[in-house]
Amino acid sequence: MPSLAERLRRSAALARAVLRARRGPFDPFKLTWILTERCSLTCRSCHLWAGDPEAGPDLEEIEAVLRANPQLTWLNLSGGDLVERPDAPGIMERVARLGRDLALVDFPTAGLDTAATLACVRPLLESDIPRVYVTVSLDGPDAVHDRVRGQAGAARSARRTLRALQALRRPGFRAVAGMTLSRHNLPEQFDPDDAGADATLDGWLPDEVDPADLHLNLAHHSGHYYKNHASVVPPIGPALALLDRVQRRTPTSLSPLALIERRYWSLARRFLTHGDVGGGCGALRASVFLAANGTLYPCSIFDRPLGRLADVGHALRRIPELPGAREALGLVERRACPQCWSPCEAFPTLLLGLGRVR
Ligand code: SF4
Ligand code: SF4
């Protein structure tokens, strides 16, 4: 657990990194890193499982990336389900040891294996990283989750893992349920004037999860990452109704994360109704996406490869040397990309002060 001095030092490093990103591109403070495409589930809203999923970088390459980027302050480690990697605790041990300035590390899991998830998070909890967040995916009541995720009993396992994580006590650690709103877990129609509307909305939520511990997310289309189709997007009316319901039942908090999350959702309402948030995006400035095969992309959505990180010595600050970097940045800045409001990039965008409605 970090001392107060270490927490302050790393928070200051994050603040400086945000300022650097405001001044210019290609010095991202957040890396979204896909450590494997493998996963035991067969979700309807993500088709990573359908092709030939990448195993992901080995420990040697992971160390190389971490050593080449000591300036990173925020790591979002993802998959597939990285917890399923047998060496996941070893990965986290390296993250904890080599991420000198890391102020925040977060990762999602389907929560199928409670013991493996606890083993994975332990090195982070014992580290000097001030904030560690784990999201356990839960897409609705058990029957809905199991149908959407393609495995009977998946929800029960996820809820067990969430409970085990929430029993851990460590300042700066938080485990929440992540519900991805898509056309697969929300009905097409919803009548808010119906006498039983509230009960109907409650019936869409995961069983036994406190709304304060529930983080909603919007399903997106991504050819290079999820390998899914545009038809995953949630129906607007039901998504807005559910969002209202969850927000009404979530206690007000003035924590920085809660404030950013509120801003995220006020713009998400605009995204749901208009298809964009009307503001700039921090991809390639605040954040960048590293695929499981070592290829960099501006973000999780835009299928515009920049090149291979290994070709620039794994150093993110050398991204401008990659063949596709400057053109991709131009497209992002002109908003000539698919346009999305994916939280992976939206949260860093909001930290950067972008995402404002024009
Ligand atoms: S959404 Fe997550 S759990 Fe589902 S198939 Fe994709 S990687 Fe696996
Ligand atoms: S708006 Fe979305 S798709 Fe476009 S660059 Fe930003 S994160 Fe990527």
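Residues numbered from 1 in each chain as written. Chains lettered and ligands numbered in written order. Predicted model: local features only at pLDDT ≥ 70, side-chain atom pairs only at ≥ 80, totals over all residues. Heavy atoms only, no water.

Description of the site of ligand 1
In the vicinity of ligand 1, the residues found are Cys39, Leu41, Cys43, Cys46, Leu48, Trp49, Gly80 and Arg149. When the residues that make up the shell around ligand 1 are grouped by side-chain class, the tally is six nonpolar, one polar and one charged. (Near = heavy atom within 4 Å. Nonpolar A, V, L, I, M, F, W, Y, C, P; charged D, E, K, R; others polar.)

Digging into the sheet that holds strand S4 (residues 131–137)
Sheet architecture is open: nine strands sit in the order S6-S5-S4-S3-S2-S1-S7-S8-S9, paired in mixed fashion. Both edges of this open sheet fall to strand S6 (214–218) and strand S9 (307–308), since each of them pairs with a single strand only. Contacts between helix H9 (residues 256–274) and the sheet are confined to S4 and S6, with S6 contributing the most and set at about 35 degrees to the helix. (Pairing = 2+ DSSP bridges. Helix = DSSP H or I, 4+ residues; strand = E, 2+ residues; numbered from the N terminus. Contact = heavy atoms within 4.5 Å. Axes fitted to C-alpha atoms, helices over the stretch in contact; angles between N-to-C directions.)

Concerning the site of ligand 2
As a matter of local geometry, ligand 2 sits amid Cys281, Ala283, Cys299, Ile301, Val332, Cys337, Pro338, Gln339, Cys340 and Glu345. Its residues assigned to classes, the shell around ligand 2 shows eight nonpolar, one polar and one charged.

Overview of the pairing of strand S1 (residues 30–34)
Summarising burial for S1: five of the five residues are buried, a large majority. Of the two faces of S1, both are covered, the one formed by Lys30, Thr32 and Ile34 as well as the one formed by Leu31 and Trp33. Of the strand pairs in this sheet, S1 and strand S2 (residues 74–78) are connected by five bridges, and their pairing is parallel. Paired with Leu31 across the bridge in S2 is Leu75. Taken together, S1, helix H2 (residues 59–68) and S2 form a β-α-β motif whose crossover is right-handed. With four bridges connecting them, S1 and strand S7 (residues 287–290) associate as parallel partners. The residue of S7 that forms the bridge with Thr32 is Phe289. (Buried < 20%, exposed > 50% of the residue type's maximum accessible area, 1.4 Å probe, protein only. Right-handed = clockwise from strand over helix to strand, strands pointing away.)

Description of the environment of Asp139
Its place among the elements puts Asp139 in the loop between S4 and helix H5 (142–149). A residue is classified by how much of its surface remains accessible, and Asp139, at 1% relative accessible area, is buried. Remark: the alpha-carbon pair of Asp139 and Asn185, spanning 46 residues in sequence, is separated by 6.7 Å. A distance of 2.9 Å separates polar atoms of two side chains, one belonging to Asp139 and the other to Arg149. A polar contact is formed between the side chain of Asp139 and the backbone nitrogen of Thr180, at a distance of 3.2 Å. (Polar contact = N/O pair within 3.5 Å; in protein donor to acceptor, adjacent residues only side chain to side chain.)

Observations concerning the pattern of salt bridges
For the coordinates displayed, the defined rule picks out 28 salt bridges. A salt bridge links Arg94 to Glu63, with the shortest nitrogen-to-oxygen separation between them at 3.0 Å. Taken as a pair, Arg94 in helix H3 (residues 88–98) and Glu63 in helix H2 lie far apart in primary sequence, 31 residues in all. Among the residues examined, Glu63 registers a relative accessible area of 18% and is labelled buried. Its salt-bridge partner being Arg269, residue Asp244 comes within 2.6 Å of it at the nearest N-O pair. Of the two residues, Asp244 is situated in helix H8 (residues 236–248) and Arg269 in helix H9; the sequence distance between them amounts to 25 residues. Overlapping salt bridges bring together Glu6, Arg9, Arg10, Arg100 and Asp101 as one network. (Salt bridge = Lys/Arg side-chain N within 4 Å of Asp/Glu carboxyl O.)

A few points about H9
The end-to-end C-alpha separation of H9 is 27 Å, in line with the 27 Å expected for 19 residues at 1.5 Å each. By the burial criterion, the buried members of H9 are Ala258, Ile260, Glu261, Tyr264, Trp265, Leu267, Ala268, Phe271 and Leu272. In this structure, the buried side of H9 is in contact with S6, H8 and helix H11 (343–352). Where H9 ends, the next residue or the one after it, Gly275, has phi of about 85 degrees, a positive value. (Expected span 1.5 Å × (residues − 1).)

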